[in-house]
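Chain residues, written in single-letter form:
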Amino acid sequence: WGVCPDQVELAGTGAQPSALLILEGADGTVVRGLAITGQAIGLGVIDAAELSIEQVWVHDSQGTGVAVEEDTGVSSCSLKGSLIEKSRKIGVHLSSADAVVEATVVRDTLPTAQGAAGWGINIQPSANTGAIGTVVVKRSVVDRNHEVGVFVWGSEARVDDTVVRGRLPEV
């Protein structure tokens, strides 16, 4: 836990796959009150369950802002009261994850250097196993992302009381 994102920042250097990476066995981890930025993925989760991500500011990541994925196990999390902005490729990527995104803003996601994506929220099955997740997005804002605000394919998702606006064109 940090005091607040204005006072505590975790900055990745690019030598690692993400500024903060949570792996299998770290079930129940709480990430709260931090700013996260870096040269790769901001916050990565692989095969960890029951995560609580609250009051984080993931910004200016040169990769996806928040990536929650299932590799061989189960990933599940709640992302609440957070701001994900100016990431590259995807703001929030949920692959075969059981997740709740609540009271969160995902904005200004930038395309890659090659001009691909710039999506706000991406919900998809596992690339490894084909397993699907169940995602709920509620009371959130997805704003000024390129190409796609919320993209759901091969998964179960529900979007409630959420504003998706200001989609920017492909680059």
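Note: the structure precedes this text.
In this convention, every chain numbers its residues from 1, walking through the sequence in written order. Where totals are concerned, whole chains, interfaces and linings use all residues; where local detail is concerned, this predicted model gives features only for residues with pLDDT of at least 70, and gives and counts side-chain atom pairs only at 80 or more. To get the side-chain values, take all heavy atoms of the structure and skip hydrogens and water.

A. Representation of the overall build of the protein chain in the model. Working definition: helices are DSSP H or I runs of at least four residues, strands are E runs of at least two. Numbering for both runs from the N terminus. When its secondary structure is counted, the protein chain shows zero helices and 19 strands. Note on method: radius of gyration uses C-alpha positions; expected globular size equals 2.2 Å times residues raised to 0.38. Compactness check: the protein chain gives a C-alpha radius of gyration of 14 Å against a globular reference of 16 Å for 171 residues, within 12% of the reference. Considered along the principal axes of its C-alpha atoms, the protein chain spans approximately 40 × 35 × 30 Å. We call two residues in contact whenever any of their non-hydrogen atoms come within 4.5 Å of each other. The contacts in the protein chain between residues at least 6 apart in sequence include a share of 55% that link residues at least 24 apart. On the protein chain, roughly 7700 Å² of surface is accessible, and the fraction owed to carbon and sulfur atoms is 51%. Charge convention: Lys and Arg are scored as positive, Asp and Glu as negative, and His as well as the terminal groups of each chain are ignored. Here the site of a charge means NZ on Lys, CZ on Arg, CG on Asp, or CD on Glu. The centroid of the 12 positive side-chain charges in the protein chain is displaced by 9 Å from the centroid of its 21 negative side-chain charges. Here the accessible surface of atoms and residues is derived via Shrake-Rupley with a 1.4 Å probe, and residues count as covered only by protein chains that are part of the display.

B. Spotlight on the sheet that holds strand β7 (residues 57–59). We treat two strands as partners when DSSP finds at least two bridges between them. A sheet is described by the order of its strands in space; here seven strands give the open sequence β1-β4-β7-β10-β13-β16-β19, paired in parallel fashion. Edge strands, defined here as strands with exactly one partner in the open sheet, are β1 (9–11) and β19 (163–165). Going from strand to strand, the sheet's axes swing by 10° on average, the running direction of each strand aside. Orientation is described by axes fitted as lines to C-alpha atoms, over the contacting stretch for helices, and by angles from 0 to 180 degrees between their N-to-C directions.

C. Fine view of the sheet that holds strand β15 (residues 134–138). The six strands lie next to each other as β3-β6-β9-β12-β15-β18, forming an open sheet whose pairing is parallel. Since the sheet does not close on itself, it has two edges, and those belong to β3 (30–32) and β18 (156–160), each with one partner. In this sheet, neighbouring strand axes are inclined to one another by 10° on average, regardless of whether the strands run parallel or antiparallel. Taken together, the four bridges between strand β12 (residues 97–102) and β15 define a ladder with parallel strand orientation.

D. How the structure looks around the nonpolar core. To form a nonpolar core, buried Ala, Val, Leu, Ile, Met, Phe, Trp, Tyr and Cys residues must be joined to one another through side-chain atoms within 4.5 Å. Exposed residues in this analysis have more than 50% of their type's maximum accessible area, buried residues have under 20%, and partly exposed residues fall in between, with area computed by a 1.4 Å probe over protein chains only. Core analysis: the biggest nonpolar cluster contains 28 residues, and Ile22, Val66, Val68, Val92, Leu94 and Ile121 have the highest contact counts within it. Ranked by residues supplied to this core, first place goes to β12 with three residues. Discounting chain neighbours no more than four positions away, the residues touching valine 92 are Val66, Leu79, Ile84, Val106, Gly120, Ile121 and Asn122.

E. A look at the packing of aromatic side chains. Side-chain rings of Phe, Tyr and Trp (the six-membered ring for Trp) are treated as a pair once their centres are within 6.5 Å; stacked means planes under 30 degrees apart, edge-to-face means over 60, and tilted covers the remaining angles. What the rule picks out here adds up to one aromatic pair. Where tryptophan 119 meets phenylalanine 151, the ring centres are 4.7 Å apart and the plane angle is 50°; that geometry is what we call tilted. Of this pair, tryptophan 119 sits in strand β14 (residues 119–124) while phenylalanine 151 sits in strand β17 (residues 150–152), and the two are 32 residues apart along the sequence. Given the relative accessible area of 30%, phenylalanine 151 is considered partly exposed. Placement of a charge over a ring requires the Lys NZ or Arg CZ to be within 6 Å of the ring centre, with the centre-to-atom vector within 35 degrees of the ring normal. Its guanidinium or amino end placed over the ring of tryptophan 1, arginine 32 lies 4.8 Å from that ring's centre, counting from NZ or CZ.

F. Layout of the pattern of salt bridges. A side-chain nitrogen of Lys or Arg and a carboxyl oxygen of Asp or Glu constitute a salt bridge if their distance falls within 4 Å. Evaluated as defined, the whole model comprises eight salt bridges. A salt bridge links arginine 107 to glutamate 85, with the shortest nitrogen-to-oxygen separation between them at 2.9 Å. Taken together, the residues span a long stretch of sequence, with arginine 107 in strand β13 (residues 105–107) and glutamate 85 in strand β10 (residues 83–85) at a distance of 22 residues. Using a relative accessible area of 11% as the deciding quantity, one classes glutamate 85 as buried. Its salt-bridge partner being arginine 144, residue aspartate 108 comes within 2.7 Å of it at the nearest N-O pair. One end of the pair, aspartate 108, is in the loop between β13 and β14; the other, arginine 144, is in the loop between β16 (141–143) and β17, and 36 residues separate them in sequence. Look at the salt bridges and you will find they share partners, linking Asp108, Asp143, Arg144 and Arg165 into a network.

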